[in-house]
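# Structural description and commentary
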Amino acid sequence: MFDESIVGNLSGSLRASARGLEIIDQHRIKRGWKRQASIWYETALTTLATLKRFWQREPVSRESFVRLCEAVGARWQDIVDQTTLSPLVKVWDGVPDVSVFYGRTAELASLTQWMIGDTSTRCRVIALLGMGGIGKTLLVAKLAEQIQTHFECLIWRSLLSTVPAGMFINELIQFLTDDSELTIPDSLDSKISCLINCLEQRRSLLVLDQLETILSNDGFAGQYQEAHKGYSELLRRVGQESHNSCLVLTSREKTPEIAQLEGVNLPVRSLQLKGLDDEAARKLLRAKGLTEETQWGGLIQIYRGNPIMLKMVAATIGDSWNGNVSEFLRNSGTIVTGDLRRFIEVLFSRLSSLEKQVTIQLASTTEPMSFLTLQQALEQVSPSNLYESVESLVRRSFLEKSSAGFTLPPVVREYINCQLGE
Ligand SMILES: Nc1ncnc2c1ncn2[C@@H]1O[C@H](COP(=O)(O)OP(=O)(O)O)[C@@H](O)[C@H]1O
Ligand SMILES: [Mg+2]
């Protein structure tokens, strides 16, 4: 998926080859741009001085180099003097294949802006949040593929194979440093300082996938397991302190340090991922070979565009309903069967007991319930605890909030009613 020949060779600063400048000249003339056109260096978010250096075949920062080429419509790989390239660090295991990818245009555009936009508005930490199977991992993989050339180092780490924060930071430092003599300090604090120094030296993209693995299973969403609190400190400092890199994490739950540091115009931001839009979801169902397209709207609505749920249900309809979508939809008791049921079971098992109580209360009705009604129904619970659990459920996408009140998404309601019926 990743073009090894390209990413295997990048370095801090680059310069153009003589042939490269000829190519650039052709692109420039095609656009009707002067050699020092302000539209050119402004589009590339750089300065006239840098553009001049570029023309003189002097080294310019890798980032400006790539942008100057892209701004004029050239591939930087065709322009660069190969002898100025040195090895890139790339630790990129377990990244999913992104050759099948639908929709998400708006999300990709915002995230790209946040990661490689103007230096004054760029993010140091981005949290991509959303329910299991909604498409967080695939979206980061797609994004990384598109913007990899803007970074010197790419590191992808899934927390599914969990290591203590200190050990993880040691690994990162070893990948990122050029200094083979470097002794990594012992204390977590000094390790993080050392890492931030590396992140300042080399513009790197760190992906931390599946952060929820190290979050606690009891209590409200987003609390770290005791043994992994070091990760919270790591994220806090990488978000707060100045450096050149970007850390993207995916998680089902928002963690406290992200909530504290984030803001629409701040260097720490989060994106709550919703399901695929109708068009993208239809492409997915088409690829699964489902027929009866006129019925798909209902299906997409029930599963809120969640791609993994749509995949599972398309398989079930194919296997058990002879592909008959309308028949399947008429029988509402079957919307959570088979793999999908097991999938929701895992998500449900992570709820606190109070969160479970709230969902059970709401499962009895399809009408929105106001906070007040909910409070009356669960009068033994303190309002502040109730409020926290409701908010936590909303963050987990187990509860939907509208001006009329709270409702469960159909899949959650159906799952709970099945459980209660047994
Ligand atoms: N935009 C998309 N286009 C096509 N398939 C998708 C898309 N997003 C997710 N999927 C598919 O849905 C499933 C869940 O996606 P994933 O990224 O693993 O979700 P998450 O990380 O949120 O749990 C995967 O099989 C993935 O290939
Ligand atoms: Mg994932």
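This text gives an overview of the structure that appears in the document. (Residues numbered from 1 in each chain as written. Chains lettered and ligands numbered in written order. Predicted model: local features only at pLDDT ≥ 70, side-chain atom pairs only at ≥ 80, totals over all residues.)

### Concerning the sheet that holds strand β3 (residues 89-92)
Adjacent strands of a sheet form backbone hydrogen bonds with each other and so pair up, either parallel or antiparallel. Put simply, the test is: Whether two strands pair comes down to DSSP finding at least two bridges between them. Strands are runs of DSSP state E lasting at least two residues, helices are runs of H or I lasting at least four, and both sets are numbered from the N terminus onward. As a rule, the C-alpha atoms of each element are fitted with a line to give its axis, helices using only the stretch in contact, and angles between N-to-C directions run from 0 to 180 degrees.
Sheet architecture is open: six strands sit in the order β3-β5-β6-β7-β4-β8, paired in parallel fashion. At either margin of the open sheet sits one strand with a lone partner, and together these are β3 and β8 (268-272). Taking the axes of each pair of neighbouring strands and ignoring which way they run, one obtains an average angle of 15 degrees across the sheet. When strand β4 (residues 125-129) meets strand β7 (residues 246-251), the two strands line up parallel, connected through five bridges.

### Looking at the site of ligand 1
So the rule is basically this: Note on definitions: a residue is near a molecule or strand provided its C-beta atom, placed from the backbone, lies within 6 Å of it. Classification convention: Asp, Glu, Lys, Arg as charged; Ala, Val, Leu, Ile, Met, Phe, Trp, Tyr, Cys, Pro as nonpolar; all other residues, Gly among them, as polar. Residue ranges assigned to the domains are those given by an automatic or database domain assignment.
In the vicinity of ligand 1 there are 18 residues, among which Gly135, Lys136, Thr137, Leu138 and Pro307 approach most closely. Within the residue set of the shell around ligand 1, elements represented by two or more residues are α8 (136-147) and α15 (307-320). Take the shell around ligand 1: its biggest share by element is three residues, from α8. Looking at the shell around ligand 1 residue by residue, the class counts come to nine nonpolar, seven polar and two charged. Residues lining the shell around ligand 1 come from more than one domain, with at least three contributed by each of domain 2 (89-272) and domain 3 (278-335).

### Digging into unusual backbone geometry
The following threshold applies: Here a residue counts as buried when 20 or more other C-beta atoms fall within 10 Å of its C-beta, as exposed when 12 or fewer do, and as partly exposed in between; the C-beta atoms come from the backbone.
Although it is not a glycine, Leu45 adopts a positive phi angle of roughly 55 degrees. If you trace the backbone, Leu45 turns up in the loop between α3 (38-43) and α4 (48-55). Its 17 C-beta neighbours within 10 Å are what place Leu45 among the partly exposed residues. Phi is positive for Gln210, which is not a glycine, with a value near 60 degrees. Mapped onto the elements, Gln210 comes out in the loop between β6 (204-209) and α11 (229-240).

### Overview of the pairing of β6
What counts, and what does not: Convention used here: a crossover is right-handed provided that the path from the first strand, over the helix, to the second strand proceeds clockwise when the strands point away from the viewer.
With respect to burial, β6 is a largely interior element, six of its six residues being buried. Here β6 shows a buried face lined by Ser204, Leu206 and Leu208 and a second buried face lined by Leu205, Val207 and Asp209. Pairing of strand β5 (residues 153-158) with β6 involves six bridges; the strand directions are parallel. Bridge pairing in β6 places Ser158 opposite Asp209. Examined bridge by bridge, β6 and β7 share four bridges and lie parallel to one another. Residue pairing across strands places Val207 opposite Val248, the latter belonging to β7. A crossover connection joins β6 to the parallel β7 through α11; in handedness this β-α-β unit is right-handed.

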